[in-house]
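Structure assessment
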Amino acid sequence: MDEARLNAIVDAVVRELLALQPEQSAPPRAETPPAPQPQAAPQVQPAPAQPTRAAAFPAPVLAPLPAAPSAKPAQPAPPSGELRIDLPDPTEAQRRVQPGVARPVNPQALESMIASTTARIGVGRAGPRYRTTAQLLLQADHAVTQDALMRNVDPKLLDEFGLFTVQTRVTGGKQEYLLRPDLGRSLNDDSRRIIAEKCARGANLQVCVGDGLSAAAIEANLRQIFPVIRQGAQSAGLALGTPFYIQYCRVGVLNDIGELLNPDVVVLLIGERPGLGRAESMSAYMAFRPKAGDNDADRNVICNIFEGGGTNPLEAGAVVIQMAQNMIRHQASGVKLKLVGQ
Amino acid sequence: MLLRTKLFGKTYEFPDLRILMGKANEEKSGDQLAGVAADTTAERAAARFVLAEVPLWVLRQNPAVPYDQDEVTRVIEDAVNETVYNEIKDWTVGEFREWLLADTTTGEMIRRISNGLTAEMIAAVTKLMSNMDLMYGASKIRVSAHCNNTIGLAGTLSSRNQPNHPVDSPEGIRAELYEGLSYGSGDSVIGINPADDSYSSVSRLLDMTYDVIRTWEIPTQNCVLAHVTTQMQCMRSGSPVGLVFQSICGSQKGNRSFGISVDMLDEADALAKKYCFPTGPSYMYFETGQGSALSANAHNGWDQLTMEARNYGLAKRYNPFQVNTVVGFIGPEYLYDARQIQRAGLEDHFMGKLTGIPMGCDACYTNHARADQNAIENLAVMLAAAGCNYFMGIPMGDDSMLSYQCTSFHDTAALRQLLKLRPAPEFEQWMESLGLMKNGILTGRAGDPTLFLKR
Ligand code: B12
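Predicted, not measured: the structure shown is a model, and the values here were computed from it.

Further remarks concern the overall build of chain A. Counting secondary structure elements, chain A contains 11 helices and 6 strands. In chain A, once contacts between residues fewer than 6 apart in sequence are set aside, the share between residues at least 24 apart is 74%.

In the vicinity of the ligand, 33 residues are found, and the nearest of them are A:Arg250, A:Val251, B:Pro194, B:Gln246 and B:Ser295. In this structure, the ligand sits where chains A and B come together, each supplying nearby residues. Between A:Arg273 and the ligand, the recorded distance is 3.1 Å, taken from a backbone N or O atom to an oxygen atom. Interatomic distance of 3.0 Å between a backbone N/O atom of B:Ala195 and a nitrogen atom of the ligand. Mapped by element, the contributors of at least two residues to the shell around the ligand are strand S4 (265-271), strand S5 (282-288) and strand S6 (299-305) of chain A together with strand S8 (244-247) of chain B. In terms of residues, the shell around the ligand owes the most to one element, S6(A), which gives 5 residues. When the residues that make up the shell around the ligand are grouped by side-chain class, the tally is 16 nonpolar, 11 polar and 6 charged.

Tallied over the entire structure, the rule returns 38 salt bridges over all chains. Residue B:Glu13 pairs with B:Arg4 through a salt bridge whose shortest N-O separation is 3.4 Å. Using a relative accessible area of 47% as the deciding quantity, one classes B:Arg4 as partly exposed. Among the salt bridges present, the one from B:Arg317 reaches B:Asp266, with a minimum N-O distance of 2.9 Å. Within this pair, whereas B:Arg317 is found in the loop between helix H17 (304-316) and strand S10 (322-325), its partner B:Asp266 is found in helix H15 (residues 262-275), the two being separated by 51 residues in sequence. Overall, the relative accessible area of 25% leaves B:Asp266 in the partly exposed class. Each of A:Arg96, A:Arg120, A:Asp141 and B:Asp398 takes part in one network of salt bridges that share partners.

Taken together, the contacts link 65 residues of chain B with 56 residues of chain A. Together, the buried faces of chain B and chain A total about 4,600 Å²; carbon and sulfur atoms form 56% of this surface. Of all residues in chain B, the largest losses of buried area upon contact with chain A belong to B:Asn367, B:His368 and B:Met396, amounting jointly to 16% of the total for that side. For the pair chain B and chain A, the interface holds 5 salt bridges. For A:Arg120, the salt bridge is made with B:Asp398, and the minimal N-O distance between the two is 2.7 Å. The interface formed by chain B and chain A contains 27 residue pairs in polar contact (both at pLDDT 80 or more). Counting only elements with at least two residues in the side of chain B that touches chain A, the list comes to helix H11 (170-182), helix H13 (228-236), helix H14 (252-257), helix H19 (373-385), strand S14 (404-405) and helix H20 (409-419) of chain B.

To continue, consider the sheet that holds S4(A). Residue and element names in this part refer to chain A. The strand order across the open sheet built from 6 strands is S1-S3-S2-S4-S5-S6, with neighbouring strands paired in mixed fashion. Either end of the sheet is taken by a strand with one partner, and the two such strands are strand S1 (164-167) and S6. When strand polarity is set aside, the average angle formed by the axes of neighbouring strands in this sheet is 25 degrees. Looking at chain direction, strand S2 (residues 205-210) and strand S3 (residues 244-247) are connected through 3 bridges and run parallel. Looking at S3, one finds that Cys208 is bridged to Phe244. On the sheet, helix H7 (residues 189-198) packs against S1 and S3 and is oriented at approximately 145 degrees with respect to S1.

A few words on the packing of aromatic side chains. Evaluated as defined, the whole model comprises 14 aromatic pairs over all chains. Consider the rings of B:Trp91 and B:Phe96, whose centres lie 6.0 Å apart with planes at 45 degrees: the pair is tilted. Among the aromatic residues, those joined into a cluster by ring pairs are B:Tyr178, B:Trp216, B:Phe427, B:Trp430 and B:Phe452. Stacked on the ring of A:Tyr130, the Lys or Arg A:Arg129 has its end atom at 5.1 Å from the ring centre. In this structure, A:Arg250 packs its charged tip against the face of A:Tyr177, placed 4.5 Å from the ring centre.

Looking now at the packing of helix H7 (residues 93-101) of chain B against helix H8 (residues 107-114) of chain B. All names here are of chain B. Here H7 crosses H8 at 145 degrees, and the two axes come no closer than 10 Å. Within the contact between the two elements, H7 uses Phe96, Trp99 and Leu100 and H8 uses Met109, Ile110 and Ile113. In terms of residue class, the contact of H7 with H8 is made up of 6 nonpolar, no polar and no charged.

Of all 5 residues that make up strand S9 (residues 284-288) of chain B, 5 are buried, and the element is covered over most of its length. Along S9(B), one buried face is formed by B:Met284, B:Phe286 and B:Thr288 and the opposite face, lined by B:Tyr285 and B:Glu287, is buried too.

All names here are of chain B. Taking 1.5 Å per residue as the helical rise, H17 with its 13 residues ought to reach 18 Å, and the 19 Å between its terminal C-alpha atoms agrees with that figure. With 12 of 13 residues buried, H17 is to be regarded as a mostly interior element. The set of residues buried in H17 consists of Gln304, Leu305, Thr306, Met307, Glu308, Ala309, Arg310, Asn311, Tyr312, Gly313, Leu314 and Ala315.

All right, on to helix H21 (residues 425-433) of chain B then. All names here are of chain B. Every buried residue of H21 is accounted for by Phe427, Glu428, Trp430 and Met431. For H21, the angular spread of the buried residues around the axis is 160 degrees, confining them to a single face. With respect to the buried face of H21, the exposed residues turned more than 90 degrees away are Gln429 and Ser433. Contacts made by the buried residues of H21 are with H11, strand S15 (437-438) and strand S16 (441-442). In the stretch just after H21, Gly435 is the one whose phi turns positive, near 75 degrees.

A few words on the domain arrangement of chain B. Residues and elements named next belong to chain B. Splitting chain B by domain gives domain 1 (4-140) and domain 2 (145-453). Placing a centre on the C-alpha atoms of domain 1 and another on those of domain 2 gives a separation of 27 Å. Taken together, the contacts link 49 residues of domain 1 with 46 residues of domain 2. Approximately 3,800 Å² of surface area, both sides summed, lies buried where domain 1 meets domain 2, with 63% of it carried by carbon and sulfur atoms. In this assembly, domain 1 and domain 2 are joined by 4 salt bridges. Between Asp303 and Lys127 there is a salt bridge, with its nearest N and O atoms 2.7 Å apart. At the boundary of domain 1 and domain 2, one finds 29 residue pairs in polar contact (both at pLDDT 80 or more). Broken down by secondary-structure element, the contributors of at least two residues to the side of domain 1 that touches domain 2 are helix H1 (17-23), helix H2 (29-34), helix H5 (71-78), H7, H8, helix H9 (119-127) and helix H10 (131-140). With 7 residues, H9 is the single largest residue contributor to the side of domain 1 that touches domain 2.

About the thresholds
- Residues numbered from 1 in each chain as written.
- Chains lettered and ligands numbered in written order.
- Predicted model: local features only at pLDDT ≥ 70, side-chain atom pairs only at ≥ 80, totals over all residues.
- Heavy atoms only, no water.
- Helix = DSSP H or I, 4+ residues; strand = E, 2+ residues; numbered from the N terminus.
- Contact = heavy atoms within 4.5 Å.
- Near = heavy atom within 4 Å.
- Polar contact = N/O pair within 3.5 Å; in protein donor to acceptor, adjacent residues only side chain to side chain.
- Nonpolar A, V, L, I, M, F, W, Y, C, P; charged D, E, K, R; others polar.
- Salt bridge = Lys/Arg side-chain N within 4 Å of Asp/Glu carboxyl O.
- Buried < 20%, exposed > 50% of the residue type's maximum accessible area, 1.4 Å probe, protein only.
- Buried area = accessible area lost by both parts, 1.4 Å probe.
- Pairing = 2+ DSSP bridges.
- Axes fitted to C-alpha atoms, helices over the stretch in contact; angles between N-to-C directions.
- Phe/Tyr/Trp six-rings, centres within 6.5 Å; stacked < 30°, edge-to-face > 60°.
- Lys NZ or Arg CZ within 6 Å of the ring centre and 35° of its normal.
- Expected span 1.5 Å × (residues − 1).
- Arc of directions from axis to C-beta.
- Domains from an automatic or database assignment.

Encoded structure:
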């Protein structure tokens, strides 16, 4: 990958973006219940700049772990002897990164190691098992992830970018979507008609957006990536097709889009399956002249697009443009593109 | 072919082997999606009565995809040892099950019979096995392999150190890798799933992991699980490669959708023998999982368990160092809940061992399936009891790049201490030399990744 060129595109696009809409740079919070004000909490510092988990969920926290399993209560019991447990939120970012290793050789280095990844390291152990807080946090993250699965993309966001909505052959809601990937790979008849009516054919780059397995991912990234793709295409001289949104979408729907609109390249921005405590990760799946019968070997993907630890959506937008140019230059995508590119 | 039985006075008839094999399976959402699942529990039971009477030669003669249409079928069929096959071809599936479980049947005897089997025979007998049958049967069959160390010996349990990172940051990956090593994870392989499949990124991770292996003189091998074509480019360009990885599928059409073919795998295997740095002789690593053929519409109408068994027949061709199913990885459309994932995990491990390959398991689930960490811990205990070669080691079982949950660094340590299992012998020695383990138990130094910042 030509890094200098990539950086140039990103820089140019970012500069343009900032000049245009200075206020829109904050990522949308997909599902942020008001953070409960911890009452007797130790002071909560501003979230660190390192990768944090869960933009789409209440933020993390690891309660300070005792070095030995001593039973220190969170609050000293009042003289009456009445038990009072009043905990700060263990899911706040600052608390999540608290080391749990009992006596590390290098405590400072441990903190920077923890900061270098979104994975749960430096957690220490109770024998060969997890420490209590770390274990409970894992369970809490699982609970919140499950709750976030069934949502739809906010229609206001789609309006903002003038995206009209079409649908695959799924008719029975999210539950059917989950169990019938075959239906999610094919557009329904109405949608085919609407697309044929509304969309320009034969574009160089057709952009589509799909919910996939996470609406929160689209909500978290679309405002960043979409303008970069639009403007990046313009500066690269690529004619854009009419963009639209696909409800109950799977990656395989690329083939239908190719058949209907004959673009050179299709890019599908789609929600990845949600990770534990994180649902904002998006992918861009791309294909050169997709057609019926094509499969994953004919496609490329740019994955893990999210702010704060993943591929930044602005940068990802630039990579999409570069990938599209590459596909057009070599008239290929997928494994074939790799083999001709070698 | 007449395939019929009465059950509780009612007649059940199955039109062909394909339908019979589908209906004999435990309930799975993927078989329902494929339209081959039993309609009722009684029909499932009836199908099993009939399947138990089918002789093995019939299964050989009716592969899931015909010989002339499918190279996976050809690989398996052409590898059958005819002498062994002739001894067993008239056994019924029910008799085969009892032979496997008999106290007089040893692991050695089973390893020999493996060479006369095809994937469809292995799948068929698996359908007649209960969960404990699968555990007990598999526990007899040890399949070990050597690369830089030895995996799969009796009494051992290994762990793939899987330090994945959302943007492949070498710094972040190294931190996770150290954490895992400090718990004794990494004797199967240090294996990274890359977020970026490009040559430059993949080769950088190979260099970094090789550097750690050399610096700490770890008896293990590295692997970056990019598409095999990327790894081939890395080998040709002189990158330090330990194992060569590829996901495989149970039919030629499925493999095409993964961008591979038998020819390509043959070439990768030959390159591995030419360029990989470890001792060998095994250099290949494969992953599989029920549902991938159906997902690519490449199942030819067959059930997912049978398609899965075919993976193992293909893998065997390459004398791999390790193979694991990633059971529960894709989602609820193929394995709906904890129960289905557990069942499939036991089936896959058993089938791999019966095929004669060094089988491990990525026991896992996604957040859109109905399962949780307890379910996966249960499965890990069951599989460890069954003699599973290795599990994955991920920080607290939460993979922040692949977005799924599986077994952790802690889990391997706990399973070893719970079931009196040891790491691969060379690796245990290495842990002891660093003071991380004594008599199979983690020492007070274990669990501290900063230990590895010293060299
Ligand atoms: C699930 C998954 C798979 C499953 C897909 C099966 C299924 N039916 O869902 C299986 C196990 C088969 C798989 C296989 C591979 N995968 Co994969 N996979 C994923 C994962 C974990 C989640 C994808 C997701 O959420 N999709 C969103 C939903 C809505 O899409 P869907 O329509 O339901 O499912 C489709 C996509 O997932 C697609 N897909 C899955 N993997 C890949 C890889 C490539 C290169 C392409 C083009 C498409 C593709 O296949 C599905 C069916 O069409 C991602 C990680 C991530 N964070 O995204 C990696 C990921 C996309 N896979 C990756 C890779 C490398 C592969 C393999 C090439 C590995 C190998 N060496 O064989 C193979 C073969 C891919 C191919 N050409 O078919 C990389 C891609 C890196 C890159 N930038 O190119 C990722 C990012 C991470 C990783 N290392 O595994 N994968």
